[in-house]
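The chain contents come next:
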Amino acid sequence: MSLFDRFRRRGKKPASGGPTAQTAAELEEFMSTRLGVEAYAEPPTSIYSMTMVVVAADGEYMRRPVKDDRHARALTRKHGVPLYDARIVGYPRRMREYDRGMRSPGISLDDLPPLDTIDDREEQ
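The rules we used
Position numbers for residues count from 1 along each chain, tracking the sequence in the order it is written. With the structure being a predicted model, the display of local features is reserved for residues of pLDDT at least 70 and the display and counting of side-chain atom pairs for 80 or more, all residues being used for whole-chain, interface and lining totals. Values shown for side chains rest on all heavy atoms present in the structure; no hydrogens or waters enter the calculation. Per the convention used, a helix needs a DSSP run of H or I reaching at least four residues, while a strand needs a run of E reaching at least two, with both numbered from the N terminus. Any N or O atom pair separated by 3.5 Å or less is treated as a polar contact, with the protein-specific requirement of one donor-capable and one acceptor-capable atom, and with residues adjacent in sequence counted only for side-chain atom pairs. We define a salt bridge as a contact between a side-chain nitrogen of Lys or Arg and a carboxyl oxygen of Asp or Glu at a distance within 4 Å. Buried residues are those whose accessible area, probed at 1.4 Å on protein chains only, stays under 20% of the maximum for their type, while exposed residues exceed 50% and partly exposed ones sit between those limits.

Moving on to the side chain of T51. Here T51 is to be found in strand β2 (residues 51–55). For T51, the side chain forms a polar contact with the side chain of E42, separated by 2.3 Å.

Laid out in structure tokens, this is it:
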């Protein structure tokens with residue numbers, strides 16, 4: 001036994017509890033009742049177990065623990081929701097905008113200026 005063996009981690013699992021049936025039901029309810037939902041898997045840390053963030057098209061989101069990658073994939077596959085790795089792709093901007101209370105208003109045809117074509121300019 002070396003001097004640093006007692007400081008080495010021994011494959012302990014994260015301290016927080018895993019998902020419950022209610023947690024899975026909340027994720028499924030969110031995915032089935034919102035439009036444009038995407039899911040982002042977050043890796044486990046020394047404090048938290050693996051979590052999944054589901055984000056709707058308007059930016060509303062929910063973060064809940066999941067058992068593992070297979071559990072996250074099964075939940076998203078059941079509802080036809082794409083699953084991304086949050087470490088690689090990051091989070092969508094609409095999450096931050098939702099937190100700040102901003103909503104992208106979108107753009108309509110009435111907001112655009114009238115279209116000038118080349119033929120219109122030559123006639124004048």
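Right, let's get into the pattern of salt bridges. A pair can form between side chains of opposite charge whenever their charged atoms are brought close. Here the structure, examined in full by the defined rule, presents eight salt bridges. Linking E29 and R34 is a salt bridge whose minimum nitrogen-to-oxygen distance equals 3.8 Å. Look at E29 and you get partly exposed, because its relative accessible area is 40%. A salt bridge links D85 to R87; the shortest N-O distance between them is 3.2 Å. Because the salt bridges share partners, they merge into one network encompassing E29, R34 and E60.

The next subject is the environment of G36. Inspection of the secondary structure assignment puts G36 in the loop between α1 (21–33) and β1 (38–42). The exposure class of G36 is partly exposed, given its relative accessible area of 48%.

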